[in-house]
Amino acid sequence: MNSYKHILKNGLWDNNQAFVALLGLCPLLAVSNTVINGLGLGLATTLTLILSNSIVSIIRHQVGTEIRLPVFVLIIASIVTAIELAMNAFFYELYLILGIFIPLIVTNCSIIGRAEAFASKNPFTASFVDGLAMGLGFTAALVTLGAVREVLGSGTLLANAHLMFGDSAKDMVIYVMRDYEGFLLAILPPGAFIGLGLLIALKNIIDKRLAKPKTQTVNFSIDPEKA
Amino acid sequence: MANNKTLLLKSGWVLGLFSLIGIGLVSLTYSITKDKIADNQRMFILQNLRELVPETLHDNDLLSDNITIVDAKAFGNQQPVTLYKATKNQQLSAIIASPTAADGYNGSIKLLVAIRENGELIGVRVVSHHETPGLGDAIDTNKSDWIYGFNGRSLTNPETRLWRVKKDGGDFDQFTGATITPRAVVKTVLKTLQYYEANKHLFITTATPSDHE
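Since this is a predicted model, take the numbers as computed values, not measurements.

Undergrad: Please give an account of the overall build of chain B that cites residues and values.
TA: Of regular secondary structure, chain B possesses 2 helices and 6 strands. Moving toward the C terminus, one meets the helices and strands of chain B in the order α-β-β-β-β-β-β-α. Relative to its length of 213 residues, chain B is extended, with a C-alpha radius of gyration of 23 Å against a globular reference of 17 Å. Oriented by its inertia axes, the alpha-carbon framework of chain B measures out at about 85 × 50 × 30 Å. Across the 213 residues that make up chain B, the buried fraction comes to 31%. Long-range contacts, defined as pairs at least 24 residues apart, comprise 49% of the intrachain contacts of chain B with a sequence gap of at least 6.

Undergrad: So what about unusual backbone geometry? Which residues, and what values?
TA: The peptide bond linking Asn157 of chain B to Pro158 of chain B adopts the cis configuration, its omega dihedral lying at -5°. Residue position: Pro158 of chain B is located in the loop between strand 6 (121-128) and helix 2 (180-205). Positive phi outside glycine occurs at Leu22 of chain A, with the angle close to 55°. Locating Leu22 of chain A in the fold gives a position in the loop between helix 1 (2-14) and helix 2 (25-31). Located in the positive-phi region is Gln90 of chain B, a residue other than glycine, with phi close to 65°.

Undergrad: Which residues make up the pairing of strand 6 of chain B, and what are the values?
TA: Residues and elements named next belong to chain B. Most of strand 6 is tucked away, with 6 of its 8 residues classed as buried. Across 6 bridges, the pairing between strand 5 (residues 107-116) and strand 6 is antiparallel. Across the sheet, Lys110 pairs through a bridge with Ser128, a residue of strand 6. In sequence, strand 5 turns back onto strand 6 through a hairpin of 4 residues, with Gly119 there showing a positive phi of about 95°.

Undergrad: Got a sec to walk through the interface of chain A and chain B? Specific residues and values, please.
TA: Between chain A and chain B, the residue contacts involve 21 residues of the former and 17 residues of the latter. Among the secondary structure elements, those contributing two or more residues to the side of chain A that touches chain B are helix 4 (68-90) and helix 9 (184-187) of chain A. When residues in the side of chain A that touches chain B are grouped by element, the largest group, 12 residues, is from helix 4 of chain A. Here the residues of the side of chain A that touches chain B are counted per class, giving 15 nonpolar, 5 polar and 1 charged.

Undergrad: Help me get a handle on the nonpolar core, residues and values and all.
TA: Residues Ala44, Ile75 and Leu142 of chain A are the most contacted members of the largest nonpolar core, which totals 57 residues. Broken down by secondary-structure element, the contributors of at least two residues to this core are helix 2, helix 3 (35-58), helix 4, helix 5 (92-98), helix 6 (109-117), helix 7 (124-154) and helix 10 (189-211) of chain A. Other than its neighbours up to four places away in sequence, Leu142 of chain A contacts Leu28, Val31, Ser32, Gly38, Leu41 and Gly42 of chain A. In terms of nonpolar packing, the next biggest core, distinct from the first, is built from 38 residues, Tyr84, Ile109, Ile122 and Ile139 of chain B among them.

Undergrad: Describe the pairing of strand 3 (residues 91-97) of chain B, and please don't skip the residues or the numbers.
TA: Residues and elements named next belong to chain B. Buried residues dominate strand 3, accounting for 6 of its 7 residues. Both strand 2 (residues 81-88) and strand 3 contribute to a ladder of 6 bridges, which runs antiparallel. Across the sheet, residue Ala86 finds its bridge partner in strand 3, namely Ala94. Counting the residues in the hairpin turn of strand 2 and strand 3 gives 2 residues, including Asn89, whose phi is positive at 50°. By the bridge criterion, 4 bridges tie strand 3 to strand 5 in an arrangement that is antiparallel. Of the residues in strand 5, the one forming a bridge with Ala97 is Val113.

Undergrad: Any chance you could break down the packing of helix 7 of chain A against helix 10 of chain A for me, citing the residues and the numbers?
TA: The description of two helices packed together rests on the angle between their axes and the distance between the axes. Residues and elements named next belong to chain A. The interhelical angle for the contact between helix 7 and helix 10, taken along N-to-C directions, is 125°, at an axis separation of 10 Å. In terms of orientation, helix 7 lies oblique with respect to helix 10. Helix-helix and strand crossings are classified by hand; for helix 7 and helix 10 the assignment is right-handed. Packed against helix 7, whose contacting residues are Thr144, Leu145, Val148, Arg149 and Gly153, the element helix 10 presents Gly191, Ala192, Gly195, Leu196 and Leu199 at the interface. Looking at the contact of helix 7 with helix 10 residue by residue, the classes come out as 5 nonpolar, 4 polar and 1 charged.

Analysis parameters
- Residues numbered from 1 in each chain as written.
- Chains lettered and ligands numbered in written order.
- Predicted model: local features only at pLDDT ≥ 70, side-chain atom pairs only at ≥ 80, totals over all residues.
- Helix = DSSP H or I, 4+ residues; strand = E, 2+ residues; numbered from the N terminus.
- Rg over C-alpha atoms; globule rule 2.2 N^0.38 Å.
- Buried ≥ 20, exposed ≤ 12 C-beta atoms within 10 Å, placed from the backbone.
- Contact = placed C-beta atoms within 7 Å.
- Pairing = 2+ DSSP bridges.
- Nonpolar A, V, L, I, M, F, W, Y, C, P; charged D, E, K, R; others polar.
- Core = buried A, V, L, I, M, F, W, Y, C linked by C-beta atoms within 7 Å.
- Axes fitted to C-alpha atoms, helices over the stretch in contact; angles between N-to-C directions.
- Parallel < 35°, antiparallel > 145°, perpendicular 65-115°, else oblique.
- Left-handed = near helix turned anticlockwise from the far one by under 90°.

See the structure below:
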């Protein structure tokens, strides 16, 4: 049980694919302009990770090391194509917005990375949990960055929620700031880089704070982050 | 030597097997989703068409009554243009063209231009574009009212030389910081109007679905 907890914590926080491993930055930066876009791509990526990790784990003894990578790529590409078709069928408008970034999930390094580094060496359940945790960690990063950029950029949260949750979700949009002019930089690509940088910095500060009680050294020197 | 050969063969078989499984998975998903996807695309276009041409103007199936012009040079681009015809009691009431403005700031801007049978614009809508958020995307109806400025215009309102943005001495507003986007849209709408004016007879005489082609 403990090891599953460890896998979960690893995926969500300690080895978060976006904030720590810095993998999959292309979709992360491009699609994180609103919460719903981030959530949509995040969930599609999570599903891909779960399926590819599970399948790779099942076949890990049957496929020799020489052809391991091409087989993984085949599996991942098939899964992503299937997911793309499904999204096209069931979330058409979201599919139109996310566009090229759905097929590009194939090129997200964290997927082949997890297949190679974890699923090809671990049993099915652990690989499944790892895929889930890594995917949710990535989704959380996308949604957080999306929230920051959406609030700063257009003053709303959860705009276009009906694209994912159906027409009843049209009222889910929250106007954080009324009559907001919009801060263009946050929506444009540079805003994504700056936002991601700030979020990584924030995570590092939190990690530092958490690590402090464990180390017994009492240190009263001026901490730059506290200033 | 022989060992190497068997290993190679085995690897080939495994790779082949997984290719087959992959193809199987994709084909299966495709066959399950293809009707739904085609339906989505139809509904999406239809929704856009209906927004422009209200029920009072037509009693035909807008989607099935269309012609595609492959050689679309008259519209100022290479992409084929589909023309949808709205008819009421077999009489042409409006056409909706789907031209593409190729010279947007960031690539193509796909438009729908609805023209009443008398040559007056019902309206223009943007179907898809890649213009800069916050600047060029004011052509979207949910960002600004700019695109409604075409409603009721025609080749004589304003006269052709004024079918430009104000910066170029014309009659149409540009946006702060973005001239290229509205310039491209205005130009394409003008070309569409001119195309309709020049080819009007084609549509009016072939208004009934059974006649055309």
